[in-house]
Amino acid sequence: MQMRFDPVRKRWIVFASERSNRTDYFMINKEQHDDPKDCPFCPGNEIYTGGSLYEDVSIIDGKKGWNLRVIPNKYPILRVEEKGILRQYGPYAYMDRLGAHEVIIETREHILRMSDYDNDKFNRLINAITHRIDDLSKDTRLKYITYIKNSSKLAGATMTHPHSQIVAFPFLPNDERHIFNNMFEHYKNNNRCLLCDIIDFEIREGKRIIFKNDAFVAFSPYASKHSFEITVSPINHRSEFNKMTNYEKNSLIEVLKNIFFKLDFALDKPAFNINLVTSPYNLNHPDTDHFRFKDSFIHWYVEILPRVNRIGGIEKGTGVYVNPFLPEKCTEIFNNV
Ligand SMILES: [Zn+2]
Ligand SMILES: [Zn+2]
């Protein structure tokens, strides 16, 4: 076995396959569903969530109704009403909680896995994400806006009803700052995009490709931090999720339908997180001057992170992840579905 270096996050991952035989190493997702009667996200219970920031509406059973809604988070971690004034306190700094935290209610159905979403559902979801990122990016105080999903309680969801989040930060989060700086360094040294180089190599090698069409590819990253992790990315160089053409959007939907089906079939409906890594906005600090070239060096992608591994003290204490499954093995398991 070996350690592998991830050039996007610049970190080592330890692969230890002997652990894949330990039955207590894998977490099984034993989902307990909330009662739809008490669910504020179910149709008919809108009174509990208040007005929408965005709605996808059509005629349902003869009358106008929503298919998807975006609402303010009832317990927001960040709020647009704040001022974002930075203050100093001795060696520390602090500010109010400027930002945005919204909830996307993805379906009318109370219980639905992403593997059961049809083209329309994925289309509505992508449109909602694009709309909210577009809208929030006009606020020049917000620098990084992303889509996050916790699917199942084991992955951090508090409710059963299919939902996800749009989060807008007044700063570039540390992980993304590292990723973008690493992408910039590669671009500066090679005059090429790091992700374009990775994707070209992965397509040529073929060992870790889970699904591919003309515009998108899904693969198991060479130095995956989690077992069965999947990266989905446009094959051609694209820096912003929001600038997808209709053709690209349909290609992405084809890839997503394929991989969520494989994920649920291979791992028996695991809990998972989704994280979108896309270009930041409104950066005007001297430290971020190189972001003038962001369209050239940032290449957007989506990470799908199944929550099957137990995270222990090594991961928490040192940030070094131990993964019992090589991505080639994960790809093989996915592709046998
Ligand atoms: Zn519900
Ligand atoms: Zn690229």
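Refer to the structure presented above.
Think of each chain on its own: its residues are numbered from 1, step by step along the sequence as written. Each chain gets a letter, beginning with A, and each ligand a number, beginning with 1, in the order they are written. With pLDDT at 70 or above as the cut-off, local features in this predicted model cover only qualifying residues; side-chain atom pairs require 80 or more to be listed or tallied, and sums for whole chains, interfaces and linings still use all residues. Water and hydrogen atoms play no part in the side-chain values, which are based on all heavy atoms of the structure.

**Student:** Would you mind going over the overall build of the protein chain in detail, with residue names and values included?
**Tutor:** A count of helical and extended segments in the protein chain gives seven helices and 15 strands. Here the radius of gyration uses the C-alpha set of atoms, whereas the globule reference equals 2.2 Å times the residue count to the power 0.38. A compact globule built from 337 residues should have a C-alpha radius of gyration of about 20 Å, and the protein chain, at 20 Å, falls within 12% of that. Taken over the C-alpha atoms alone, the protein chain extends approximately 55 × 50 × 45 Å along its principal axes. Only protein chains enter the calculation, and the probe is 1.4 Å; a residue is then buried if its accessible area is under 20% of its type maximum, exposed if over 50%, and partly exposed in between. Considering the protein chain as a whole, with its 337 residues, one finds that 53% of them fall into the buried category. In this description, contact between two residues means that some pair of their heavy atoms is separated by no more than 4.5 Å. Summarising the internal contacts of the protein chain: among those between residues at least 6 apart in sequence, 70% fall at separations of at least 24. The Shrake-Rupley method, run with a 1.4 Å probe, gives the accessible areas here. Residue values count only the displayed protein chains as cover. Accessible surface, the protein chain as shown: approximately 16800 Å² in total, 51% of it carbon and sulfur. Distance from the positive charge centre (46 side chains) to the negative charge centre (44 side chains) of the protein chain: 2 Å. Secondary structure follows DSSP: runs of H or I at least 4 residues long count as helices, runs of E at least 2 residues long count as strands, and numbering of each begins at the N terminus. By the counting rule applied here, Lys and Arg register as positive and Asp and Glu as negative, while His and the ends of each chain are not counted. By convention, charge coordinates are those of NZ in Lys, CZ in Arg, CG in Asp, or CD in Glu.

**Student:** Go over the coordination of the zinc ion (ligand 2), please, and point to the residues and values.
**Tutor:** For Na, K and Ca the donor cut-off is 3.2 Å; for every other metal, N, O and S atoms count as donors within 2.8 Å. Water does not enter the count, which can leave sites looking incomplete. Within the protein, the atoms that donate to the zinc ion (ligand 2) are C193 (SG), C196 (SG), H237 (ND1) and H299 (ND1), at distances of 2.0 to 2.3 Å. Geometry assignment treats four donors as tetrahedral when all angles are between 85 and 135 degrees, treats four as square planar and six as octahedral when opposite donors are over 155 degrees apart and all others between 65 and 115, and treats everything else as irregular. Geometry at the zinc ion (ligand 2) is tetrahedral, judged from its four donor atoms and the angles of 105 to 114 degrees they form at the metal. Looking at C193, the relative accessible area reads 6%, which means it is buried. Residue classification places H237 among the partly exposed positions, given a relative accessible area of 26%.

**Student:** Any details on unusual backbone geometry? Residues and values, ideally.
**Tutor:** You will see that D61, though not glycine, has its phi angle at about 50 degrees, which is positive. Position of D61 among the secondary structure elements: in the loop between strand 3 (54–60) and strand 4 (63–72). Phi at D268 takes a positive value of approximately 55 degrees, unusual for a residue other than glycine. Structurally, D268 is set in the loop between helix 4 (246–267) and strand 13 (272–277).

**Student:** Residue-level account of the sheet that holds strand 13, with values.
**Tutor:** Overall, antiparallel pairing links the ten strands, which are arranged 3-4-7-9-8-13-14-12-11-10 in an open sheet. Strand pairing shows two members of the sheet lacking a second neighbour, strand 3 and strand 10 (209–212), which therefore form its edges. Going from strand to strand, the sheet's axes swing by 20 degrees on average, the running direction of each strand aside. As paired elements, strand 8 (residues 144–151) and strand 9 (residues 163–169) share five bridges and run antiparallel to each other. Along strand 9, the bridge assignment pairs Y144 with F169. With axes taken as lines fitted to C-alpha atoms, and helix axes fitted only over the stretch in contact, angles between N-to-C directions fall between 0 and 180 degrees. Sheet strands in contact with helix 7 (residues 327–335) are strand 10 and strand 12 (230–234), and its direction is about 50 degrees off that of strand 10. Two strands make a pair as long as DSSP finds a minimum of two bridges between them.

**Student:** Which residues make up a nonpolar patch on the surface, and what are the values?
**Tutor:** Residues enter patches when they are more than 30% accessible in relative terms and free of salt bridges; like-charged ones are connected within 9 Å and nonpolar ones (Val, Leu, Ile, Met, Phe, Trp, Tyr) within 5 Å. Here, a salt bridge means any Lys or Arg side-chain nitrogen found within 4 Å of an Asp or Glu carboxyl oxygen. A surface patch of nonpolar side chains, amounting to about 330 Å² of accessible area, comprises M3, F5 and W12. Structurally, the position occupied by W12 is in strand 2 (residues 11–15). By relative accessible area, which is 48% here, W12 ends up partly exposed.

Don't take any of this as a statement about function, it's just geometry.
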